[in-house]
Amino acid sequence: QGGGRMAGAEGTLFDDIFEVLDKDPDGRKFEKVSRVVCRSDTFDMDLKLDVNVDIYPLEVGEKFTMALASTLATNGAADTGTYNPNELKNESTLMDIYEYVMHGKVFKFNESDSSGGMRVEVYVSFGGLLMLLSGDPKKLEQLQLDSSIYLLIRKV
């Protein structure tokens with residue numbers, strides 16, 4: 001099954017399957033964090049992502065589904081901006097179907113016109129763990145500067 005299963009669903013901004021191509025290409029900066037370099041199956045996206053490998057190890061060759069969402073609510077209900085586990089006790093959330101979740105903020109966009117066509121780079125900080133997602137602007141148009149998003153991952 002390819003990516004894009006949830007893309008377009010309420011609250012989901014992006015969804016694809018990635019393969020880890022490299023790990024810590026510039027060396028490891030922190031004991032519990034690795035930077036993985038990945039490529040997506042469906043939308044030809046490039047991803048660099050800092051992951052707390054102490055709690056969620058990722059290795060070269062592994063594949064995972066990654067979704068970006070504006071809310072954890074499965075019905076797309078708007079997020080309050082504050083995590084309260086008591087509010088979620090009796091409801092299913094996107095966290096129930098993923099293994100690793102981070103909350104962060106889109107802090108930078110770059111556009112470039114290369115030989116492969118127009119590409120956009122989206123930078124997100126998850127409390128200091130960084131993500132750079134680059135690819136077709138049409139696939140990333142729902143991501144907006146200064147917006148809060150959730151990153152959700154599960155291994156395939």
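Refer to the structure printed above.
Keep in mind it's a predicted model, so treat the numbers as computed, not measured.

## Notes on the sheet that holds strand β6 (residues 117–126)
No. 1: Ordered in space as β1-β2-β3-β7-β6-β5-β8-β4, the eight strands form a closed barrel in which the pairing is antiparallel. The mean inter-strand angle of the sheet, taken between neighbouring strand axes irrespective of direction, is 35 degrees.
No. 2: Summarising the sheet, strand β3 (residues 46–52) and strand β7 (residues 129–135) pair through four bridges and their orientation is antiparallel. In the sheet register, Leu49 faces β7, and the bridge partner there is Met131.

## Concerning the nonpolar core
No. 1: Residues Met66, Met131, Leu133 and Leu151 are the most contacted members of the largest nonpolar core, which totals 33 residues.
No. 2: Mapped by element, the contributors of at least two residues to this core are β1 (12–23), β2 (33–40), β3, β4 (63–69), β5 (100–114), β6, β7 and β8 (148–155).
No. 3: For Leu151, the contacting residues outside a window of four places in its chain are Leu49, Met66, Ala67, Leu68, Tyr100, Val101, Met102, Phe126 and Met131.

## As for the side chain of Asp24
No. 1: Here Asp24 shows up in the loop between β1 and β2.
No. 2: Of the side chains with opposite charge, Arg28 lies nearest to the buried Asp24, which makes no salt bridge, at 4.1 Å.
No. 3: Setting aside its immediate chain neighbours within four residues, Asp24 contacts Val33, Ser34 and Arg35.

## Considerations on the pairing of β4
No. 1: Of all the seven residues making up β4, six are buried; the element is thus mostly covered by neighbouring parts of the structure.
No. 2: Looking at chain direction, β1 and β4 are connected through seven bridges and run antiparallel. From the neighbouring strand, Asp15 faces β4, where its bridge partner is Ala67.
No. 3: Two strands pair when backbone bridges link them, and β4 and β8 are joined in this way by six bridges, in the antiparallel orientation. By the bridge assignment, Thr65 is partnered in β8 with Arg154.

The rules behind these values
- Sequence order as written defines the numbering, with residues in each chain counted from 1.
- In view of the model being predicted, local features appear only for residues whose pLDDT reaches at least 70, and side-chain atom pairs are presented and counted only at 80 or more, with totals across whole chains, interfaces and linings using the full set of residues.
- As a rule here, side-chain values cover all heavy atoms of the structure and leave hydrogens and water aside.
- The criterion for strand pairing is that DSSP finds at least two bridges linking the strands in question.
- By the criteria applied, helices consist of DSSP H or I runs no shorter than four residues and strands consist of E runs no shorter than two, each listed in order from the N terminus.
- Every axis corresponds to a line fitted to the C-alpha atoms, with the helix fit spanning only the stretch in contact, and the corresponding angles, defined between N-to-C directions, vary from 0 to 180 degrees.
- Among the buried residues, those of types Ala, Val, Leu, Ile, Met, Phe, Trp, Tyr and Cys that are joined through side-chain atoms within 4.5 Å form a nonpolar core.
- Any residue under 20% of the maximum accessible area for its type is buried, any over 50% is exposed, and the rest in between are partly exposed; the area is computed with a 1.4 Å probe on protein chains only.
- Contacts: residue pairs with any heavy atoms within 4.5 Å of one another.
- For this count, His and the chain ends are skipped, Lys and Arg are scored as positive, and Asp and Glu as negative.
- Only one rule defines a salt bridge in this text: a Lys or Arg side-chain nitrogen within 4 Å of an Asp or Glu carboxyl oxygen.

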